[in-house]
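A look at the structure
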Amino acid sequence: EAGVAQSPRYKIIEKRQSVAFWCNPISGHATLYWYQQILGQGPKLLIQFQNNGVVDDSQLPKDRFSAERLKGVDSTLKIQPAKLEDSAVYLCASSLVAPTVQNTEAFFGQGTRLTVV
Amino acid sequence: AQTVTQSQPEMSVQEAETVTLSCTYDTSESDYYLFWYKQPPSRQMILVIRQEAYKQQNATENRFSVNFQKAAKSFSLKISDSQLGDAAMYFCAYSWSMNRDDKIIFGKGTRLHILP
């Protein structure tokens, strides 16, 4: 089966510019996660979608970060304007969560490495 | 609050030897899952092994096994017969359900070096 697709793989922007990342989860996966992984740290959840609804965005810096998941499939994560501390790898993951199936494995994309200069 | 702690930022092991990576977690939940993910330089997170909290038997996957101590909230990963391809970052993860939504949190990771 095809995995989680993310693009671009790498992005370099200047501070105060805008950037967008795209994620295509595994077909049929209802749950989609965006994680921020700063060098030397574990992934930190930014936002979690269940279908096209947000279930957790408590750690998303909403003054500059936004995300959407139109039609409950693809998702985009946007940063506007970017700051130096946003330099990180942004990982997208998806999992199959149904009412009778819980705590299933999350499948990850290869991530987008963002460098803000 | 749920937390995951990996106290070993880096570890090294000789090829063909055995190494154990530590992980502790804190939770008030009774039903949850624990995972070990491997992240090679390609950055893709690959599931190594998973453990259901309600199962007493420790999970094993070929050369990978866990020592799950529920009372102590400890979940260590043992890699036997280490191979050069095992070199990577390893993340311990804890997952629980809240209102039918899966929550997953990660530790800070342990970088494993394999010495030839």
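Cut-offs and rules
The written sequence of each chain sets the order in which its residues are numbered from 1. Chains and ligands are labelled by the order in which they are written, letters from A for the one and numbers from 1 for the other. Given that the model is predicted, a residue must reach a pLDDT of at least 70 before its local features are reported, and side-chain atom pairs must reach 80 or more before they are shown or counted; all residues, however, enter totals for whole chains, interfaces and linings. Values shown for side chains rest on all heavy atoms present in the structure; no hydrogens or waters enter the calculation. On a range of 0 to 100, pLDDT expresses the predictor's confidence in each residue. Helix numbers and strand numbers start at the N terminus; a helix is a DSSP run of H or I with at least 4 residues, a strand a run of E with at least 2. In this scheme Phe, Tyr and Trp rings, the latter by its six-membered ring, pair at centre separations within 6.5 Å, and the angle between planes marks the pair as stacked below 30 degrees, edge-to-face above 60, and tilted otherwise. Three labels apply to residues, based on accessible area from a 1.4 Å probe with only protein chains included: buried if under 20% of the type maximum, exposed if over 50%, partly exposed otherwise in between. Here, the term disulfide refers to a pair of cysteine sulfur atoms separated by no more than 2.5 Å. Put simply, a nonpolar core is a bunch of buried Ala, Val, Leu, Ile, Met, Phe, Trp, Tyr and Cys residues held in one set by side-chain atoms that sit within 4.5 Å of each other. Only heavy atoms matter for contacts: two residues are in contact if any of them lie within 4.5 Å across the pair.

One rule of thumb: low pLDDT means the predicted coordinates there are not for detailed reading. Of all residues in chain A, 92% have pLDDT values of 70 or greater, and the mean over the chain is 89. The least confident element of chain A, judged by mean pLDDT, is strand S10 (residues 107–108) of chain A at 88; the most confident is strand S8 (residues 75–79) of chain A at 98.

The next point concerns the packing of aromatic side chains. Residue and element names in this part refer to chain B. Going through the model one piece at a time under the given rule, you end up with 16 aromatic pairs over all chains. Judged by centre distance (5.2 Å) and plane angle (50°), the ring pair of Tyr 32 and Tyr 94 falls under tilted. Here Tyr 32, found in the loop between strand S4 (24–26) and strand S5 (33–39), pairs with Tyr 94, found in strand S10 (residues 88–98); they are 62 residues apart in sequence, far enough to count as distant. A relative accessible area of 2% means that Tyr 32 is categorised as buried.

This structure, assessed with the given rule, holds two disulfides over all chains. Across a sulfur-sulfur distance of 1.9 Å, Cys 23 of chain A and Cys 92 of chain A are joined as a disulfide pair. Torsion about the S-S bond of the Cys 23 of chain A and Cys 92 of chain A cystine: about -70°, corresponding to left-handed handedness. You can see Cys 23 of chain A sitting in strand S3 (residues 19–24) and its partner Cys 92 of chain A sitting in strand S9 (residues 88–95), a full 69 residues away along the chain. Like Cys 23 of chain A, the residue Cys 92 of chain A is buried in the burial classification. At a sulfur-sulfur separation of 2.0 Å, the disulfide partner of Cys 23 of chain B is Cys 92 of chain B. Judged by the torsion about the S-S bond (-70°), the Cys 23 of chain B/Cys 92 of chain B disulfide is left-handed. Of the two residues, Cys 23 of chain B sits in the loop between strand S3 (19–21) and S4 while Cys 92 of chain B sits in strand S10, which places them 69 residues apart along the sequence. Cys 92 of chain B shares its class with Cys 23 of chain B; the two are buried.

Turning our eyes to something else, we now look at the nonpolar core. Trp 36, Leu 77, Tyr 90 and Leu 112 of chain B are the most contacted members of the largest nonpolar core, which totals 27 residues. A total of five residues in this core trace back to one element, the largest contributor, which is S10 of chain B. The contacts of Leu 77 of chain B, once residues within four sequence positions are left out, are Val 19, Thr 20, Leu 21, Trp 36, Val 48, Ile 49, Phe 64, Ser 65, Val 66 and Tyr 90 of chain B. Within the second largest apolar cluster, 21 residues are counted, among which are Ile 13, Trp 34, Ile 47 and Phe 65 of chain A.

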